[in-house]
Amino acid sequence: MRRSLSPDPLGTASVPLHPFIKLDLTTPQSITVSIEDESFCNQRAMWGTTHTHIANALTGMSTGFLTPLYLVGVRYRAAMEEDPRGTVDGGSGKRLAMKLGYSHTVYVPIPVWVDAKVETPPKTVLSATDKHLVRAYMKPEPYKGKGIFIGTETIRVKSMKKK
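Starting from 1, residues in each chain are numbered consecutively following that chain's sequence as written. Residues qualify for local features only when their pLDDT is at least 70, as the model is predicted, and side-chain atom pairs are given and counted only at 80 or more; totals for whole chains, interfaces and linings, by contrast, use all residues. To obtain the side-chain values, all non-hydrogen atoms of the structure were included, while hydrogens and water were left out.

### Looking at the overall build of the chain
Item 1. Here a helix means four or more residues in a row that DSSP labels H or I, a strand means two or more in a row labelled E, and each is numbered from the N terminus. Counting secondary structure elements, the chain contains 1 helix and 11 strands.
Item 2. Reading the helices (α) and strands (β) of the chain from amino to carboxyl end gives β-β-β-β-α-β-β-β-β-β-β-β.
Item 3. Expressed as a percentage of the 163 residues in the chain, the buried residues total 27%.
Item 4. Here, residues are in contact when the closest pair of their heavy atoms is within 4.5 Å. Of the contacts made within the chain by residues no fewer than 6 positions apart, 40% connect residues no fewer than 24 positions apart.
Item 5. With the model as given, the accessible surface of the chain reaches about 11300 Å², and the carbon-plus-sulfur share is 56%. Here the term buried applies to any residue with accessible area under 20% of the maximum for its type, exposed to any over 50%, and partly exposed to those in between, with areas from a 1.4 Å probe on protein chains only. The protein chains shown are the only cover counted for residues, whose accessible areas, like all others here, come from Shrake-Rupley with a 1.4 Å probe.

### Topic: the packing of aromatic side chains
Item 1. Here the aromatic set is Phe, Tyr and Trp, taking the six-membered ring for Trp, and pairing holds for ring centres within 6.5 Å; pairs whose planes are under 30 degrees apart are stacked, those over 60 apart are edge-to-face, and all others are tilted. According to the stated counting rule, one finds 0 aromatic pairs in the structure shown.
Item 2. Geometrically, a lysine NZ or arginine CZ counts as sitting over a ring once it is within 6 Å of the ring centre and also within 35 degrees of the ring normal. One cation-aromatic arrangement involves Arg95 over Tyr107; the distance from NZ or CZ to the ring centre is 3.8 Å.

### Considerations on the nonpolar core
Item 1. Within the largest apolar cluster, 14 residues are counted, with the highest numbers of intra-cluster contacts made by Leu71, Leu96, Met98, Leu100 and Ile148.
Item 2. For this core, the secondary-structure elements that each account for two or more residues are strand S5 (65-72), strand S7 (91-99), strand S8 (106-111) and strand S10 (123-128).
Item 3. Looking at this core element by element, the count peaks at 3 residues for S8. Residues enter a nonpolar core if they are buried and are Ala, Val, Leu, Ile, Met, Phe, Trp, Tyr or Cys, with the set joined through side-chain atoms within 4.5 Å.

### A few points about the sheet that holds S8
Item 1. Strand order in the open sheet formed by 3 strands is S6-S7-S8, and the pairing between neighbours is antiparallel. A single partner strand is all that each edge strand has here, and the edge strands are strand S6 (77-82) and S8. Ignoring strand direction, the axes of neighbouring strands in this sheet form an average angle of 30 degrees.
Item 2. Note: S7 against S8, 5 bridges, orientation antiparallel. Its bridge partner being in S8, Gly91 is matched across the sheet by Pro111. Note: two strands are recorded as paired if DSSP finds a minimum of 2 bridges between them. Fitted lines through C-alpha atoms give the axes, limited to the stretch in contact for helices. The angle between two N-to-C directions lies from 0 to 180 degrees.

### Topic: the pattern of salt bridges
Item 1. Here, a salt bridge means any Lys or Arg side-chain nitrogen found within 4 Å of an Asp or Glu carboxyl oxygen. In the structure shown here, the tally under the stated rule is 4 salt bridges.
Item 2. Ionic pairing is found between Glu119 and Lys123, a salt bridge with its closest N-O pair at 3.2 Å.
Item 3. Residue classification places Glu119 among the partly exposed residues on the basis of a relative accessible area of 42%.

### Concerning unusual backbone geometry
Item 1. You will see that Arg75, though not glycine, has its phi angle at about 60 degrees, which is positive.
Item 2. With a relative accessible area of 65%, Arg75 lands in the exposed category.

### Regarding helix H1 (residues 41-62)
Item 1. Compared with an ideal rise of 1.5 Å per residue, which puts 22 residues at 32 Å, H1 spans 32 Å between its outermost C-alpha atoms and is within 8% of the ideal.
Item 2. Within the span of H1, buried status applies to Gln43, Thr50, Ile54, Ala57, Gly60 and Met61. Buried residues along H1 cover an arc of 130 degrees about the axis, so they all sit on one side.
Item 3. Gly64 occupies a position one or two residues after H1 and carries a positive phi of about 85 degrees. Expected helix span is given by 1.5 Å per residue-to-residue step, counting one fewer step than there are residues. Relevant arc is that of directions from the helix axis to the C-beta atoms, nothing else.

In structure tokens form, the structure reads like this:
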């Protein structure tokens, strides 16, 4: 079951609910989340998770989420370009072309619900109403400290192994 939340400046959102979750809308400004039986571990776990999903949905609808991506490495850069596939498969018609030290350019299509802006070649800002990012292209590398860093993420650089 999904519960839709009212539209705000940035749109609407829906939150997945389990059958044992109870929402109490006593006033327009507050939502109370409760469960049927507190003795079940699964219900207690989903109690807090549902609360966090609702809080993230409300924040996303009112202010949105801004996430900067930093490309750290020699000649690592990103550029926005038109997607030759257009708006097929729910795309926005734009894609992010990233050079990440591979022999080829990595192309990432931008979905409709994400706004991407390349401020400088190594810095890209993503804004969306959902708090989801895919981290599959270039994780930070622990020996050289290169890769894609999300937000204020840091990595502890390891020392090289000695013979």
